[in-house]
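# Structural overview
If you want the building blocks of each chain, they are given just below.
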2 protein chains.
Amino acid sequence: MPEYADDELAAHLRAAIMRLRRRLVQETDSELSIPAMTVLGLLHRRGEQTVGQLAAAERVQPPSMTRTVTCLERDGLVARRQGESDRRQVVVSITEDGRTRLAADRDRRTEWLARRLADLTPDERAVLDEAAPILEGLATA
Amino acid sequence: MPEYADDELAAHLRAAIMRLRRRLVQETDSELSIPAMTVLGLLHRRGEQTVGQLAAAERVQPPSMTRTVTCLERDGLVARRQGESDRRQVVVSITEDGRTRLAADRDRRTEWLARRLADLTPDERAVLDEAAPILEGLATA
DNA sequence: AGGAATACTTAGCTGAAGTAATGACTTAGG
DNA sequence: CCTAAGTCATTACTTCAGCTAAGTATTCCT
């Protein structure tokens, strides 16, 4: 039994995403900006990446990624070095400090959402569990 | 069969929301800003509201809502008038032009998402159909 | 070798949120 | 009843996170 008529799902989903995103930003209390945190996570999962790869992964223009990386480098959480095969590239890697900070922040950062999720029924959580990769796919497609 | 360990769902859901939101913003081609459109929708559904009510509904600080309303008023899509019982309040109502614009824009605005949704399998759409109100609830809780 | 293409950076803009302070009005206490 | 405190909206300014345009360094192609 669908909650929404077919042509209304998009509108409702959109509104929900927008509101929830703002809420997530509001409820987050962390020293790291959201893009910074995301990049740190990427480097943790994928290992070192060029600025271009990071920009593509986050679907952001290169200058935006440069700024984020500059910020992270200033705080000593990532290291920049010139690419070996192609010296135009800049390879970014996470530092030990970066990993420490990531671990510390990841918990705090998702804490609010995790608490909210804990309040849901198992069924509801199961729905979101299935929905997460689909949403991810929509963003990436 | 959960895709994610319990304590990872929050992190993944968060990332998915952030990316999808950015994508929605990018792919949207409309004359109305996102907050403006949302407010117009609220006024359409709920009838006239004070600036404070609108701000609370969107979980935005009053100044942000003032700005959005100012913009909408400039375009003749909403009307401001002084509150009758409490003259500090400002009551905002949607105009006929506003309704027209809302109808025209709603389609265009959700078009990209609607197309993406159409590419999903029926099962995936069903999941999102159930997920939408849950996400909405998380944002509002 | 020289010109086109690529990878990142720099500089500056915009949109959409926020806080702090102000003005107008209302409510409550003495 | 009148003053003090509180509330609603606004104004002014800041911050954040994206963008484009233009510049620099390097590589690729003929």
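Up top you'll find the structure we're talking about.
So, here is what we can say about the structure in this document. Quantities reported herein were computed from a predicted structural model and do not represent experimental measurements. (Residues numbered from 1 in each chain as written. Chains lettered and ligands numbered in written order. Predicted model: local features only at pLDDT ≥ 70, side-chain atom pairs only at ≥ 80, totals over all residues. Heavy atoms only, no water.)

Let's shift gears to the relation of the copies chain A and chain B. Structural alignment of chain A on chain B gives an RMSD of 0.3 Å, achieved by rotating through 179° and translating 0.1 Å along the axis. Each copy turns onto its partner about a two-fold axis. The residues that chain A uses at the interface reappear at the interface of chain B in 100% of cases, marking a shared surface. (Least-squares fit on C-alpha atoms with pLDDT ≥ 70 in both. Contact = heavy atoms within 4.5 Å.)

So, about the protein's contact with DNA strand D. Of all residues adjacent to DNA strand D, which total 26 residues, the nearest are Arg67 of chain A together with Arg22, Gly52, Thr66 and Arg88 of chain B. Close to the protein, within 4 Å, the atoms of DNA strand D belong to sugar or phosphate groups at a rate of 63%. Gln61 of chain A is positioned with one of its backbone polar atoms (N or O) 2.9 Å from a phosphate oxygen of DNA strand D. Within the side chain of Arg22 of chain B, an N or O atom sits 2.7 Å from a phosphate oxygen of DNA strand D. Broken down by secondary-structure element, the contributors of at least two residues to the surface near DNA strand D are helix 2 (34-46) and helix 4 (62-74) of chain A together with helix 1 (6-27), helix 3 (51-58) and helix 4 (62-74) of chain B. Broken down by element, the surface near DNA strand D gets its largest block of residues, four residues, from helix 4 of chain B. (Near = heavy atom within 4 Å. Polar contact = N/O pair within 3.5 Å; in protein donor to acceptor, adjacent residues only side chain to side chain. Helix = DSSP H or I, 4+ residues; strand = E, 2+ residues; numbered from the N terminus.)

Moving on, we get to the interface of chain A and chain B. Every contact between the two is made by 55 residues of chain A and, on the other side, 55 residues of chain B. In this assembly, chain A packs against chain B so that about 5300 Å² is buried in total across both faces, 67% of it on carbon and sulfur atoms. Three residues, Arg14, Arg19 and Leu138 of chain A, lead the burial of chain A against chain B; their summed loss comes to 13% of the area buried on that side. On the surface where chain A and chain B come into contact, there are six salt bridges. Note that Arg22 of chain A is salt-bridged to Glu58 of chain B, the shortest N-O span being 3.5 Å. Where chain A touches chain B, the interface holds eleven residue pairs in polar contact (both at pLDDT 80 or more). (Buried area = accessible area lost by both parts, 1.4 Å probe. Salt bridge = Lys/Arg side-chain N within 4 Å of Asp/Glu carboxyl O.)

Keep in mind that these numbers describe shape and distance, not what the molecule does.
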